[in-house]
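Chain residues, written in single-letter form:
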Amino acid sequence: MHDIIREAINDPEAAWEIIKMDRNVTEVVDAVSDLSREDKIKLGATFKRFPLGCDLTELIVGTCASDLERMDLLGNCMVADAIGATIHVCAYAFADIAENYGMRPVELMREVREITEVPLDLDHFGRYGPMRFPPSITGCGGQCYLEGPPFQGCPRERIHSRLIDREKEGLPDREEWVELASSVAVNLTPVQGADTHAAPLREAEEVLEIARKHGKGVEAIMFVGDGYEDLISGFEAGLEMGVDVFVIEGGPFNLAGNRLDAFAGAVAAARILTPGKIVATNGAYEDECRIGLRAGLNAIITGFPRNHHGYMCGYSPGTARRGRFGLPRVMKIMRDEVPAGLTPVPVQKPQLEALAAAVKASGTENVYPERIGYTYVGDAHWACLPSTPIYERVRVKRDVNGLVEMAEAGEISGTVAVFGATFVSWVIAKKLDGLVDEFILVDRDPWVESVTVDNLSSELKSGVHGGGSDDRRAYELADSSVISTTIPQISAGISEKFTDAITLV
């Protein structure tokens, strides 16, 4: 593993071979730990490329705090929705705010779902429903983040104190919270030695079971810790539980001798190990955010003023305190560190719409956590987006089942050119396999085209060939053509060149 991981730093083909292998957590963390900081960054960036990982960079926004007025919470959620940022639901704060207004806690969750359409990411959720905490915790000023590492427990000697009797009152509404959410977070830090910081692992397992019952994605929160054994224990627990996404917390919970090397290594290792291909952070100082983004972070959880995520990412010891408005600062850090490619940084509402359309065109039964060939079809977004109003709203002209009907009617036959070689094309080829003679997969990115041909060739009976990133040549060699992209402007641009090509949007 050491040798091939070192090769993968500069060679995406070696990275692709790693994806095909069974990956042992200790071997991966060992190999990554031996790399220089620059090589960790290069490795993580390689594993962020299609289809090794999710190549989007996004904001997840905490909109709530226990002492916010209901109007402010709802307004914060509307702002997050307008910019296309996932809303991070701190369930205890939603519950506190709702009760301040004489509402059942789940009624406020319903209200937020009715006025927004982006994903809702549910956190601080336990076996009875929303966790409930005393004011000493809900009003915490973030002294640990303000003082900085090394972290030796809460500076005020608090523990993960919970108001269990109040939590039990919410049990009748527990299932509805999860039904309204798009994803659910669980905390793995107890297996890393932080028994006083979070719920026991057994409770996290129970929450995961509830999330799976309702078809929701699951995120695992873990610490950088010592940068080695703590990472291994966190990754192993998450993979054994079957989580989709790893969320890496640094800040005062980064106890490694070299914080930045350890944070880059944690992100790079997570990039290789995470099933759902998404790596995020819910707590990282500005320098950790910057190096993490270079090493392949997909998402940073930030927040509005008074929300604890408002100060946990993007600030530094001495400045990280409750009341900070993290969202604009983190957005600027992202723009500084991640070059914009096919999608803006961070992604916005139009990209979520295109992604939702991709899932709808592919069919939820065909995408993550389903596989084609060596790896998953899409990433954890593809499991979460169907639980959003965006997914209900977007429309596609036809889906893959419609393409099958056309093939059965003879309208698609012979050699089929598929323009765009990302995940939707995989599903198209899989569904049309045996109904046509062969496929020419063409993409303007030669790497995307090459790895798609290799992956589909391992799975399909029909022949699969690359188009050499030459749309015109692929079109001329084909009997039928399908445009697989669900980004409207790109689909329209290709359709203008090849007017008889079949489109999905």
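Residues numbered from 1 in each chain as written. Predicted model: local features only at pLDDT ≥ 70, side-chain atom pairs only at ≥ 80, totals over all residues. Heavy atoms only, no water.

**Looking at the domain arrangement of the protein chain**
Where we set the bar: The source of the domain bounds is an automatic or database domain assignment.
Per the domain assignment, the segments of the protein chain are domain 1 (59–344), domain 2 (350–393) and domain 3 (400–503). Using only C-alpha atoms to locate each centre, domain 1 and domain 3 end up separated by 40 Å.

**Examining the sheet that holds strand β15 (residues 463–466)**
Adjacent strands of a sheet form backbone hydrogen bonds with each other and so pair up, either parallel or antiparallel. Put simply, the rule is: Strands were regarded as paired on the criterion that DSSP finds at least two bridges between them. The secondary structure listing takes helices from DSSP runs of H or I that are at least 4 residues long and strands from runs of E that are at least 2 residues long, numbered from the N terminus.
Sheet architecture is open: five strands sit in the order β15-β14-β13-β16-β17, paired in parallel fashion. Strands with a single pairing partner mark the edges of an open sheet, and in this sheet they are β15 and β17 (502–503). Alignment of strand β13 (residues 415–419) against strand β14 (residues 438–442), held across five bridges, turns out to be parallel. If you follow A417 over to β14, its bridge partner there is I440.

**Description of helix α13 (residues 229–241)**
For the record, the criterion: For a helix, the expected span equals 1.5 Å multiplied by the residue count minus one. Exposure categories follow from relative accessible area, calculated using a 1.4 Å probe and restricted to protein chains: below 20% of the type maximum is buried, above 50% is exposed, and the middle band is partly exposed. Note on contacts: a residue pair qualifies if any of its non-hydrogen atoms lie within 4.5 Å across the two residues.
For α13, which comprises 13 residues, the first-to-last C-alpha distance of 18 Å matches the rise-based estimate of 18 Å (1.5 Å per residue) to within 8%. Turning to α13, its buried residues are D230, L231, I232, G234, F235, A237, G238 and M241. For α13, the secondary structure elements touched by its buried residues are α3 (25–33), β6 (183–187), α12 (201–213), β7 (217–225), β8 (245–254) and α14 (259–273). Trailing α13 by a residue or two, G242 shows a phi angle of about 90°, which is positive.

**Some remarks on unusual backbone geometry**
Here the bond from F50 into P51 is cis, since omega is -10°, no more than 30 degrees from zero. By the element assignment, P51 lies in the loop between α4 (37–46) and β1 (58–62). In this chain, V345 is followed by P346 through a cis amide linkage whose omega measures -10°. Non-glycine residue H124 carries a positive phi angle of around 55°.

**Examining the environment of V267**
Within the secondary structure layout, V267 lies in helix α14. Judged by its relative accessible area of 0%, V267 is buried. Distance in space between the C-alpha atoms of V267 and G414 is 45 Å, their sequence separation being 147 residues. With sequence-adjacent residues up to four places away left out, V267 is seen in contact with V279, G292, A295, G296 and L297.

**Regarding the packing of aromatic side chains**
Here is the rule: For Phe, Tyr and Trp, where Trp contributes only its six-membered ring, two rings pair if their centres lie within 6.5 Å, and the inter-plane angle classes them as stacked under 30 degrees, edge-to-face over 60, or tilted in between. Two conditions define a charge located above a ring, namely a distance within 6 Å from the ring centre to NZ of Lys or CZ of Arg, and an angle within 35 degrees of the ring normal.
A complete count under the given rule lists 16 aromatic pairs for this structure. Aromatic pair Y145 and Y285: ring centres 5.7 Å apart, planes at 70°, arrangement edge-to-face. With Y145 in helix α9 (residues 143–147) and Y285 in the loop between β9 (279–283) and α15 (286–294), this pair connects stretches of sequence that are 140 residues apart. Residue classification places Y285 among the buried residues on the basis of a relative accessible area of 1%. Aromatic pair F223 and F253: ring centres 4.2 Å apart, planes at 10°, arrangement stacked. Note that F223 is positioned in strand β7 and F253 in strand β8, a separation of 30 residues in sequence. One aromatic cluster is present, built from ring pairs that chain together Y145, F223, F253, Y285 and Y311. Just above the ring of Y315 sits the side chain of R329; from NZ or CZ to the centre is 4.4 Å.

**Thoughts on the packing of helix α2 (residues 12–20) against helix α23 (residues 446–457)**
To keep things clear, this is the line we draw: Every angle, taken between N-to-C directions, lies between 0 and 180 degrees, and every axis is a line fitted to C-alpha atoms, over only the stretch in contact when it is a helix. Each crossing is labelled by how the near helix is turned from the far one, with a counterclockwise turn of less than a right angle marking it left-handed and a clockwise turn marking it right-handed. Residues are sorted three ways: Asp, Glu, Lys and Arg are charged, Ala, Val, Leu, Ile, Met, Phe, Trp, Tyr, Cys and Pro are nonpolar, and all the rest, Gly among them, are polar.
As a packed pair, α2 and α23 sit with axes 12 Å apart at the nearest point and diverge in direction by 35°. Seen along the crossing, α2 lies across α23 with a hand that is right-handed. Where α2 approaches α23, its residues P12, E13, W16 and K20 are matched on the opposing element by W447, S450, V451, D454 and N455. Grouping the constituent residues of the contact of α2 with α23 by class yields four nonpolar, two polar and three charged.

**Some thoughts on the pairing of strand β2 (residues 86–90)**
The element β2 is extensively covered by neighbouring structure, given that five of its five residues are classed as buried. Both β1 and β2 contribute to a ladder of three bridges, which runs parallel. Counted as the bridge partner of V61 is I87 from β2. As judged from the four bridges shared by β2 and strand β3 (residues 120–123), these two strands associate in the parallel manner.

**Brief notes about the sheet that holds β6**
Spatially, the eight strands close up into a barrel ordered β1-β2-β3-β6-β7-β8-β9-β10, and their pairing is parallel. Between one strand axis and the next, the sheet turns through 30° on average, direction left out of account. Sitting on the sheet, α13 touches β6, β7 and β8, and the angle it makes with β7 is about 170°.

**A look at the state of the cysteines**
This is how it is decided: Here, two cysteine sulfur atoms that lie within 2.5 Å of each other are counted as a disulfide.
Scanning the entire structure with this criterion turns up zero disulfides. Note on C289: no disulfide assigned, nearest cysteine sulfur contributed by C313 at a separation of 4.5 Å. Take C289: its relative accessible area is 0%, and that puts it in the buried class. Unpaired in terms of disulfides, C384 finds its nearest cysteine sulfur in C54, a separation of 11 Å.

**Concerning the pattern of salt bridges**
What counts, and what does not: In what follows, salt bridge is the name for a side-chain nitrogen of Lys or Arg lying within 4 Å of a carboxyl oxygen of Asp or Glu.
Within this structure, the stated rule accounts for 38 salt bridges. Between R322 and D67 there is a salt bridge, and its shortest N-O distance comes to 2.9 Å. Of this pair, R322 sits in the loop between α16 (309–312) and α17 (326–337) while D67 sits in the loop between β1 and α5 (70–82); the two residues are 255 residues apart in sequence, bridging distant segments of the chain. Its relative accessible area of 21% is what places R322 among the partly exposed residues. The class for D67 is partly exposed, based on a relative accessible area of 41%. Put simply, E117 and K349 hold a salt bridge, and the shortest N to O gap is 2.9 Å. Here the residue E117 occupies a position in the loop between α7 (105–115) and β3, and K349 occupies one in helix α18 (residues 349–362), the gap between them amounting to 232 residues. K349 sits in the buried class, given a relative accessible area of 13%. Through salt bridges with shared partners, a single ionic network connects R127, R162, E167, R202, E203, E205, E206 and E209.

**Here's the deal with the side chain of E175**
Quick reminder of the rule: Two N or O atoms form a polar contact when they lie within 3.5 Å of each other; inside protein one atom must be a possible hydrogen donor and the other a possible acceptor, and for residues adjacent in sequence the pair counts only when both atoms belong to side chains.
Among the structural elements, E175 can be located in helix α11 (residues 174–180). Engagement of the side chain of E175 in a polar contact is seen with the side chain of R174, the distance being 3.0 Å.

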